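# Report on the structure
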Amino acid sequence: MNDIAKKSRRTLACTALIVLFTGLAGCSGVDVQTYKNNSPRLVLPQFFNGELHAHGIVKNRQGKVIRYFNAKILAHWDDAGIGHLDEYFEFDDGEQQRRQWQLQPDSMGGFIATANDTVGEGVGGVSGNALFLNYVLTVPYKDNAINVKVDDRMYMVNKNTLINESVLTKFGVKVGYVTLVVVKS
């Protein structure tokens, strides 16, 4: 076999691995409907209403905790059925962030989510005790900002507590994880 054929095979093999890896990294495997019979039932306007508090950690891609945070969330729903979540984050290094979400029901029983630091619209669904939300978030990075895809998975464990696990990816590669507990006051 000549050198050109060997290089072509290697290129083809590498491309196949990248496609396979990207496909696997992008597949969530579990649909929110998996939790349709779980309770307590998560009803967004009931849980996300009033003052809530969140406590969480941020991990890098190796799984090392690199930040801690606490947040206050002020939530309400307007007469049009749109949810408004105003989140105030304070990180262990003193950094403060504010995120303002709008959750608008869609015709499929899910919702469209937008925030001041998201790119475009996020898509969410609720079933049983679970809420899944996918969106692109702009996050500070060094002296700049980058866009990362976020796969949020939230599970209501009792009427006042929700656990959220998030996976952050860039170009299909996992770059970080966020875990937090949201507690209704």
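Heads up: the structure comes first, above all this text.
Quick caveat: nothing in here was measured; it's all calculated off a predicted structure.

## A short note on the pattern of salt bridges
Applying the stated criterion across every chain, the model contains 6 salt bridges. Between Arg67 and Glu95 there is a salt bridge, and its shortest N-O distance comes to 2.6 Å. With Arg67 in strand 2 (residues 65-77) and Glu95 in the loop between strand 3 (83-91) and strand 4 (96-105), this pair connects stretches of sequence that are 28 residues apart. Exposure remark for Arg67: the relative accessible area of 17% places this residue in the buried category. A relative accessible area of 27% means that Glu95 is categorised as partly exposed. Asp86 serves as the salt-bridge partner of Arg98, at 2.6 Å between the closest nitrogen and oxygen. On the criterion of sequence distance, the pair formed by Arg98 in strand 4 and Asp86 in strand 3 is long-range, its members being 12 residues apart.

## Structural notes on the nonpolar core
Phe47, Phe48, Leu131, Leu162 and Val182 are the most contacted members of the largest nonpolar core, which totals 33 residues. Examining the composition of this core, we find that 5 residues originate from one element, strand 7 (residues 130-141), more than from any other. Those residues in contact with Phe47, other than ones at most four positions away along the chain, are Leu42, Leu52, Met156, Lys159, Asn160, Thr161, Leu162, Val182 and Lys184. With 5 residues, the next largest nonpolar core counts Tyr35, Ala130, Phe132 and Tyr155 among its residues.

## A word on the packing of aromatic side chains
Counting across every chain of the model gives 8 aromatic pairs. Measuring from centroid to centroid gives 5.3 Å for Tyr35 and Tyr155, while their planes differ by 70°, and the two rings are edge-to-face. Taken together, the positions of Tyr35 in the loop between helix 1 (3-26) and helix 2 (44-47) and Tyr155 in strand 8 (residues 144-158) put the pair 120 residues apart, joining distant regions of the chain. The pair Tyr35 / Tyr155 is uniform in exposure class, with both members buried. Members of the aromatic cluster, connected to one another through ring pairs, are Tyr35, Phe132 and Tyr155. Taking the ring centre of Phe91 as reference, the NZ or CZ of Arg67 above it sits at 3.9 Å.

## Topic: the sheet that holds strand 7
Strands sit in the order 1-2-3-4-5-6-7-8-9-10 around a closed barrel of 10 strands; the barrel is antiparallel. Along the sheet, successive strands turn relative to each other by an average axial angle of 25°, direction set aside. Two elements, strand 2 and strand 3, share 9 bridges in a ladder whose sense is antiparallel. Counted as the bridge partner of Ala71 is Phe89 from strand 3.

## Here we look at the environment of Arg153
When you line up the elements, Arg153 lands in strand 8. We classify Arg153 as buried; its relative accessible area is 11%. Separated by 26 residues in the primary sequence, Arg153 and Thr179 have C-alpha atoms spaced 9.7 Å apart. In terms of polar contacts, Arg153 uses its side chain to reach the side chain of Asp151, at 2.9 Å.

Conventions and cut-offs
- Residues numbered from 1 in each chain as written.
- Predicted model: local features only at pLDDT ≥ 70, side-chain atom pairs only at ≥ 80, totals over all residues.
- Heavy atoms only, no water.
- Salt bridge = Lys/Arg side-chain N within 4 Å of Asp/Glu carboxyl O.
- Helix = DSSP H or I, 4+ residues; strand = E, 2+ residues; numbered from the N terminus.
- Buried < 20%, exposed > 50% of the residue type's maximum accessible area, 1.4 Å probe, protein only.
- Core = buried A, V, L, I, M, F, W, Y, C linked by side-chain atoms within 4.5 Å.
- Contact = heavy atoms within 4.5 Å.
- Phe/Tyr/Trp six-rings, centres within 6.5 Å; stacked < 30°, edge-to-face > 60°.
- Lys NZ or Arg CZ within 6 Å of the ring centre and 35° of its normal.
- Pairing = 2+ DSSP bridges.
- Axes fitted to C-alpha atoms, helices over the stretch in contact; angles between N-to-C directions.
- Polar contact = N/O pair within 3.5 Å; in protein donor to acceptor, adjacent residues only side chain to side chain.

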